[in-house]
Amino acid sequence: MAYIEPAPIKDKENPFESMMSRFDIAAKCLGLDDEVYNVLKSPVKQVIVNLPITMDDGSVQVFEGYRVIHSNILGPSKGGIRYDMDVHLDEVKALAAWMTWKCAVVDIPYGGAKGGIICNPRNMSPGEIERLTRAYTGALVEIFGPDRDIPAPDMGTGPREMAWLMDEYSRAQGMTVNAVVTGKPLVLGGSLGRTEATGRGVMITALAAMEKLKINPYHAKVAVQGFGNVGSWAATLLEERGASVVAVSDISGAYYNDSGIDINKAIEYRNANNGSLEGFKGAEKIAGDDLLTLDLDVLVPAAKEDVITVHNADQVKAKLIVEGANGPTSAKADALLNDKGIMAVPDILANAGGVTVSYFEWVQNRLGYKWTADRVSRRSDRIMKDAFNNVFKTSQEYNVSLRIAAYIVAIDKVAKTYKFRGRF
Ligand code: NAD
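First things first, this report covers the structure right here in the doc. Owing to the predicted nature of the structure, the values given are computational and were not obtained by experimental measurement.

1. Overview of helix 8 (residues 263-272)
Step number 1: Ile 263, Ala 266, Ile 267 and Arg 270 are the residues of helix 8 that are buried. Buried residues of helix 8 fall within an arc of 100° about the axis and therefore sit on the same side. Facing away from the buried side of helix 8 by more than 90 degrees, the exposed set consists of Lys 265, Glu 268 and Ala 272.
Step number 2: Each element contacted by the buried residues of helix 8 is listed here: helix 7 (229-240) and strand 7 (244-250).

Below, the structure is given as structure tokens:
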């Protein structure tokens, strides 16, 4: 049967088109010529693999997996692997391009990639997930490599899957190659500071933006959507800097306390409650979506894509949005936020702390030397601050939003590198 691209969900913006509409505006600002435009708009490689896996009951199930390399102009491509039933090629393409721009914004020498497998890891045993991860690695062994394409965790995957991927790749090479993947367990060459890195970058860019907006972080009212890795670390670190986190949410709903939520208590509760905030007593439960339209200084969407859309952007009251998640604001909502004078630190800048420390993991693996947690955070903080300042300066130079400025910085860097490297 011919491959049929799944249709985007009705009323939901197509993630690739959403990314491309920002890319187009930035390309126009830069006066990008047609040759470079055409090179940068399409992924260099898209691979679809079918993976027959023996399930625990002896049956064989065939899973479809993807790996898209959007660009390898700045260096080996880098990007996570997502295990989810909603994975589809257009989404993987959009996320791969996002990785290209993200790495370029923070000036690390990587191109962008992304991968995924259509599966529901929650309904699979560890053995089934391991076989699937090893089969996927085996099918892509020619694509992956520390100097070619470096995977990492994304939704539905973590250090466990990265350890299997590293092991399977290493077996194929006949030697241990730990730099082929980042987000590994510490004992296999993972980096100190990686767990909190994305939330930490959110905190650093939020503070830098607050300074520009003259918002005193001390007692600034903050709400965080999503209380997983990124959201709970961003909330913890912003609270540590004096902010009052008045609302947090997860899939179970939102929790509001006007005097500020005790984030450590919320984390302790979540950890003891199977990862959920359901029943948390330190705040009043409100509808999940209501968190987005609270009267706030700073809103941190750190859950999923497409949560600030044309349907609710005009009701957002925060002065500043700092995008911990990938793609939380739809392209069509950008204009509404701009009209309201709301500053948005875009995903490709705000959540780039994660890939920055992944890069440090790769550097440490190749050096064969481990950095201290303090060295990791000092270096990543500096990269995030420099990137914010560069994007802010560009936004003033071109008189555009921080989002378009971030795309301008990224596209300009990749386009210049492409010109120097030459072509066929
Ligand atoms: P995670 O799985 O650890 O946490 C996700 C959280 O979002 C959970 O608390 C979940 O309950 C919550 N959530 C899901 N749907 C929700 C909804 N409709 N409303 C409110 N909460 C909801 O994931 P994560 O690693 O924290 O990633 C979150 C986002 O950040 C994703 O968009 C991811 O792509 C992006 N991101 C993550 C990293 C990283 O290093 N982990 C790096 C860059 C970007």
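More follows now that the structure is in view.
2. Considerations on the pattern of salt bridges
Step number 1: By the definition in use, this model includes 26 salt bridges.
Step number 2: Among the ionic pairs, Arg 160 bridges to Glu 161, the shortest N-O distance being 2.9 Å.
Step number 3: Overall, Arg 160 belongs to the partly exposed group, its relative accessible area being 38%.
Step number 4: Within the structure, one salt-bridge network assembled from shared partners comprises Glu 130, Arg 134, Asp 167, Glu 168 and Arg 171.

3. What to know about the sheet that holds strand 9 (residues 284-286)
The pairing of strands in a sheet comes from backbone hydrogen bonds and takes either a parallel or an antiparallel form.
Step number 1: Pairing is mixed across the open sheet formed by 7 strands, whose spatial order is 9-8-7-6-10-11-12. At either end of the open sheet lies a strand with only one pairing partner, and these are strand 9 and strand 12 (343-345). With direction set aside, neighbouring strand axes in the sheet form an average angle of 20°.
Step number 2: As defined by bridge partners, strand 8 (residues 253-256) adjoins strand 9 across 3 bridges and the pair is classed as antiparallel. Following the sheet pairing, Ala 254 is matched in strand 9 by Ile 286.

4. What about the side chain of Lys 114?
Step number 1: Within the fold, Lys 114 resides in strand 4 (residues 111-118).
Step number 2: Classification of Lys 114 as buried rests on a relative accessible area of 4%.
Step number 3: Only 3.0 Å separates the side chain of Lys 114 from the side chain of Asp 154, close enough to count as a polar contact.
Step number 4: In contact with Lys 114, other than residues within four places in its own chain, are Tyr 66, Arg 67, Val 68, Gly 80, Val 92, Leu 95, Ala 96, Met 99 and Asp 154.

5. Side note on the sheet that holds strand 4
Step number 1: Spatially, 5 strands are ordered 1-2-4-3-5 in an open sheet, and the strand pairing comes out mixed. The open sheet has two free edges, formed respectively by strand 1 (45-54) and strand 5 (149-153), since each of these has just one partner strand. Strand-to-strand, the axes of this sheet are offset by a mean angle of 25°, without reference to chain direction.
Step number 2: Of the pairings in the sheet, the one linking strand 3 (residues 77-84) to strand 4 comprises 6 bridges and is parallel in character. Residue pairing in the sheet places Asp 84 in a bridge with Ile 118 of strand 4.

6. A closer look at the site of the ligand
Step number 1: What surrounds the ligand is a group of 19 residues, the closest being Thr 198, Asn 229, Val 230, Ile 251 and Asn 326.
Step number 2: Gly 228 places a main-chain nitrogen or oxygen 3.2 Å from an oxygen atom of the ligand.
Step number 3: Backbone polar atom of Gly 324 to an oxygen atom of the ligand: 3.4 Å apart, as the coordinates give it.
Step number 4: Here the ligand loses 73% of its free accessible area of 830 Å² to cover by the protein chains.

7. So, the nonpolar core
Step number 1: Counting residues in each nonpolar core, the largest one holds 90 residues, and the members touching the most others are Leu 40, Trp 101, Val 248, Val 300, Val 322 and Val 345.
Step number 2: Per-element tally for this core: the top contributor is helix 13 (residues 402-421), with 12 residues.
Step number 3: Those residues in contact with Val 248, other than ones at most four positions away along the chain, are Val 224, Phe 227, Gly 253, Ala 254, Tyr 255, Ile 261, Ile 263, Leu 277 and Leu 291.

Reading guide: rules and limits
- Residues numbered from 1 in each chain as written.
- Predicted model: local features only at pLDDT ≥ 70, side-chain atom pairs only at ≥ 80, totals over all residues.
- Heavy atoms only, no water.
- Buried < 20%, exposed > 50% of the residue type's maximum accessible area, 1.4 Å probe, protein only.
- Helix = DSSP H or I, 4+ residues; strand = E, 2+ residues; numbered from the N terminus.
- Arc of directions from axis to C-beta.
- Contact = heavy atoms within 4.5 Å.
- Salt bridge = Lys/Arg side-chain N within 4 Å of Asp/Glu carboxyl O.
- Pairing = 2+ DSSP bridges.
- Axes fitted to C-alpha atoms, helices over the stretch in contact; angles between N-to-C directions.
- Polar contact = N/O pair within 3.5 Å; in protein donor to acceptor, adjacent residues only side chain to side chain.
- Near = heavy atom within 4 Å.
- Areas by Shrake-Rupley, 256 points an atom, 1.4 Å probe, with all protein chains shown as cover.
- Core = buried A, V, L, I, M, F, W, Y, C linked by side-chain atoms within 4.5 Å.

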